[in-house]
Each structure stands twice: as C-alpha cells, then as structure tokens.
Amino acid sequence: MSLYDDAVLVLKGCEGQEELRQAYLDHLAAHPDGLWKSCHAGHVTASALVVDPERGRVLLTLHKKLRMWLQMGGHCEPEDASLAAAALREATEESGITGLTLLPGGPVRLDRHPIPAPCHWHFDVQYAVVAPPDAVQEISDESLDLRWFGCGEVADVADESVVRLLEATRARL
C-alpha cells in the first residue's frame, strides 16, 4: 500500500472532527502530491506527542524556526510506509529516544494550520507515543531545546493546538 493510500484510509477511519477530516480528504483528492513538501497548496504532515504517563508529563521541543514549544513532527518522507510510521520516525529523530511506542487507536486528532509561503497549509495528522521508562532525550538539529513538562504546565508554555493534542491524548490514555 502506498503512503497516499494509507493516508486516505487512516483519514477515512478517523472519528470526530468530521469537517476538518473531510477537508484533508478533499485536499488529497485534489492534490495527488498532497503528502509532499513540494505541494505548495499544502501538505499532510505527521506529528506525535511524546508522553510519559507514569510521571504525568510530556516532552516538547522548542522549534528552531518557529521558536515555539511543540510536539515532535514534520514532513512525510518517501521511505515512510504509513502516516503512523512517519509520526514515529519524527518523534524518534527529534526526541533522540529509542523505544517509543505508538498509542493504540490511530491518530489522536487533526490540526490544520497556516505556514509561510511558498506553501500555505500543514494538514497535520497527530499521534501520541509513549516513552519507555527512564527515557533520556537528546536535542536534535531541529530544536533549540527539549524539555519534559508536567501536563499542568503545558498551557503555560505551548499554544492551543498543543493543549488540545494533550487533552485528546489524556482522554485516549
């Protein structure tokens, strides 16, 4: 199965956010290249919130370009077999943590947000991953900082999209 076919299948199976989910599907139907950074009308991205449920905390990255505390994530790559694999790859690369496991049940939520030209939109498919006990993070080239935050601290440092992702993840847990 191609990454495109996987994305359509995953999105069709997402529950909730029907209007936004349909916008993702419409985008992919109109843009067969809608998974790739080269699609200037917008492209699907995959991200993952790294959680340590035992300690009630999440790992956020201080994004180098945006200078915002965000979940791990980014662009799909040709070697990604699925959106879930892309999210897991991004989380592993950006956190430096090996042994992350995807939270069962598929994507936690969807978040479409504008980005600077030449592209116009990120259609982010957001997952959650669970860190192994005593995970040690390592800052990647894409980050200015990487830090664990208690779930109650996230609203003080991150924007509403991250807070909504955390709320949806906690509900799933």
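Residues numbered from 1 in each chain as written. Predicted model: local features only at pLDDT ≥ 70, side-chain atom pairs only at ≥ 80, totals over all residues. Heavy atoms only, no water.

1. So, the overall build of the protein chain
Definition in use: Each helix is a run of DSSP H or I of at least 4 residues and each strand a run of E of at least 2, with the numbering of both proceeding from the N terminus. All radius of gyration figures rest on C-alpha atoms, and the globule criterion is 2.2 Å times the number of residues raised to 0.38. Remark: exposure states derive from per-residue accessible area (1.4 Å probe, protein chains only) relative to the maximum for the residue type, with buried under 20%, exposed over 50%, and partly exposed in between. We call two residues contacting when some pair of their heavy atoms lies within 4.5 Å. Areas reported here follow the Shrake-Rupley algorithm with a probe of radius 1.4 Å; residue values treat only the protein chains shown as occluding.
When helices and strands are counted, the protein chain shows 5 helices and 8 strands. The linear arrangement of helices and strands in the protein chain, starting from the amino end, is α-α-β-β-β-β-α-β-β-β-β-α-α. Since a compact globule built from 173 residues should have a radius of gyration of about 16 Å, the 15 Å found for the protein chain is in line with a globular shape. Once the C-alpha set of the protein chain is aligned to its principal axes, its extents read approximately 45 × 30 × 30 Å. Within the protein chain, the proportion of its 173 residues that are buried is 49%. Considering only contacts within the protein chain whose residues lie at least 6 apart along the sequence, 67% involve residues at least 24 apart. Roughly 8600 Å² of accessible area belongs to the protein chain as shown, and the carbon and sulfur atoms make up 53% of that amount.

2. A look at the nonpolar core
Operational definition: By nonpolar core is meant a set of buried Ala, Val, Leu, Ile, Met, Phe, Trp, Tyr and Cys residues that side-chain atoms within 4.5 Å join together.
Within the largest apolar cluster, 33 residues are counted, with the highest numbers of intra-cluster contacts made by Leu35, Val50, Leu83, Val125 and Tyr127. In this structure, Tyr127 is in contact with Val10, Ser47, Ala48, Leu49, Leu83, Ala84, Ala87, Leu102, Gly106, Pro107, Val108 and Leu165, ignoring residues within four places of it in sequence. Grouped together as the second largest cluster of nonpolar side chains are 19 residues, Leu60, Trp69, Phe149 and Val163 included.

3. Section: helix H3 (residues 83-95)
Threshold: Multiplying 1.5 Å by the residue count of a helix minus one yields the expected span of that helix.
Helix length check: H3 (13 residues) gives 18 Å between terminal C-alpha atoms against 18 Å at 1.5 Å per residue, within 8%. Of all the positions in H3, only Leu83, Ala84, Ala86, Ala87, Arg89, Glu90, Ala91, Glu94 and Ser95 are classed as buried. Backbone geometry just after H3 places Gly96 at a positive phi near 75°.

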